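Letter by letter, the chains look like this.
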Amino acid sequence: MGNFKSIQQSLATELTGLNGLIRKTLDSPNELMNKVIASYLEKEGKQVRPILVMLCARLLGDVTDKTLKGAAAVELLHNASLIHDDVVDDTEKRRGAPTINAIWDNHLAVLIGDFFLSNALLLAAATDDIRIVNSISELGRLLSIGELDEIYTARFNNLDEEAYFQIIFRKTASLFVACAEVGVFSAGIGKDDPRAAALVEYSRLLGLCFQIKDDIFDYYADTEIGKPTGNDLREGKITLPLLHVLRDQSLPGCDEMRALAREEALGTGEISRLITYAIDNGGIEYAYDTMSRLRDQAAKLITGSFAPSPTRDALISLFDFIIERRH
């Protein structure tokens, strides 16, 4: 966490500008909307995604006004997706605080999410860079497809690791890829530049790692995470730790666990059995090994494409933070 705090401190001025821009953009003539949004913004997250935009821009040049607008667009689109997800999943807490739909209702939450989304597009347009507009638009499309893919896979019990990685690319890693693209474009670099390709691939790997770590959280009780243990299984989602052990039919009880995982509605006891099975048979270790592999690939890309600098070191530290974070 110390290294991440150092990254935040190195971007303190830029983050202040970003948050001021977000608040100004979200200001409206509707008092109720302003009240809900002000309360929501008090629960400011770590802002990993806009930080990634800024680091990519800084590595190639400077953090400019265009960078801040692009970073704010990504952050607003990300938050719009979270607000809508909370409605779909009937989530009552996020980051330890009540969600908009829990405090108010689904109707208001959907409208607030729509307001965030429309302002994300306006900010993207305000960059006067059609490449950034395209990145943000493509991101919205991929996030929607990723969520639908996850529903489809859960419904048809697809126990396939390739399908899992495709889903987490669309629902999570695509957001990190968009961050890299926005940062690159705001620095005046074209997508065909080898340095841009390296940053985009680094960000894809970072996004995959972020989702794998999120999935690991679901196997342990932690009130800070904001969702109950086993929530993914409760929704029919089989993530990497369990997916890995269910593919190894040499393990004792594997066939029974595979059949159990395919049940349409799992009770608390059945979820507990599946979680224990994944943990006891090395599923968590496999997930961490996968993240370590992704981290090494990303570090090799960055060190091979950029000269030593504090910003290059920050990108590698950011990957380590994602793996080590506790919530």
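Residues numbered from 1 in each chain as written. Predicted model: local features only at pLDDT ≥ 70, side-chain atom pairs only at ≥ 80, totals over all residues. Heavy atoms only, no water.

(A) Expanded view of empty space enclosed by the protein. Inspection of the entire model under this criterion finds 3 cavities of 30 Å³ or more. Estimates place the volume of the largest cavity at around 140 Å³. Lining the largest cavity are 14 residues, with Leu 41, Glu 44, Gln 47, Glu 75 and Asn 79 sitting closest to its centre. Elements with a contribution of two residues or more to the lining of the largest cavity: α2 (12-26), α3 (31-41) and α5 (65-89). Tallied by class, the residues present in the lining of the largest cavity amount to 5 nonpolar, 4 polar and 5 charged. By volume, the second largest cavity amounts to about 80 Å³. Lining of the second largest cavity is provided by Tyr 40, Lys 43, Ile 83, Asp 86, Arg 94, Arg 95, Pro 98, Thr 99, Ile 100 and Asn 101. Grouping the amino acids of the lining of the second largest cavity by side-chain chemistry returns 4 nonpolar, 2 polar and 4 charged. (1 Å grid on protein atoms, 1.4 Å probe; cavity = no way out; pocket = protein on both sides within 12 Å on 5 of 7 lines; lining within 4 Å. Points joined across faces, edges and corners; volume = space filled by probe spheres on them. Helix = DSSP H or I, 4+ residues; strand = E, 2+ residues; numbered from the N terminus. Nonpolar A, V, L, I, M, F, W, Y, C, P; charged D, E, K, R; others polar.)

(B) Structural detail: the packing of α2 against helix α7 (residues 106-126). Interhelical geometry of α2 versus α7 gives an angle of 115° and a closest axis separation of 10 Å. The two elements α2 and α7 meet at a crossing, and its hand is right-handed. Of the residues in α7, those touching α2 at Leu 21, Thr 25 and Leu 26 are Phe 115, Phe 116, Asn 119 and Leu 123. (Axes fitted to C-alpha atoms, helices over the stretch in contact; angles between N-to-C directions. Left-handed = near helix turned anticlockwise from the far one by under 90°. Contact = heavy atoms within 4.5 Å.)

(C) Focus on the packing of helix α9 (residues 161-186) against helix α12 (residues 240-247). Close contact between α9 and α12 brings their axes to 10 Å; oriented N to C, the two are set at 165°. Taken together, the axes of α9 and α12 are roughly antiparallel relative to one another. When the axes of α9 and α12 are compared, the crossing they make is left-handed. Judged by residue contacts, Glu 161, Tyr 164 and Phe 165 of α9 engage Leu 240, Leu 243 and Arg 247 from α12. Residue classes in the contact of α9 with α12 are distributed as 4 nonpolar, no polar and 2 charged. (Parallel < 35°, antiparallel > 145°, perpendicular 65-115°, else oblique.)

(D) Looking closely at the environment of Lys 191. Topologically, Lys 191 is positioned in the loop between α9 and α10 (194-217). Between the C-alpha atom of Lys 191 and that of Ala 120, which follows or precedes it by 71 residues, the distance is 22 Å. Here Lys 191 is in contact with Glu 181, Phe 185, Ala 196 and Ala 197, once residues within four sequence places are set aside. In this structure the side chain of Lys 191 is engaged in a polar contact, spanning 3.2 Å, whose partner is the side chain of Glu 181. (Polar contact = N/O pair within 3.5 Å; in protein donor to acceptor, adjacent residues only side chain to side chain.)

(E) Focus on α7. The end-to-end C-alpha distance of α7 is 30 Å, a good match for the 30 Å that 21 residues give at a rise of 1.5 Å each. Inspection of α7 places Leu 108, Ala 109, Ile 112, Gly 113, Phe 115, Phe 116, Asn 119, Ala 120, Leu 123 and Ala 124 among the buried residues, and these make up the whole buried set. Backbone nitrogen of His 107 and a side-chain oxygen of the N-cap are separated by 3.2 Å at the start of α7; the cap is Asp 105. Backbone geometry just downstream of α7 places Asp 128 in the positive-phi region, at approximately 60°. (Expected span 1.5 Å × (residues − 1). Buried < 20%, exposed > 50% of the residue type's maximum accessible area, 1.4 Å probe, protein only.)

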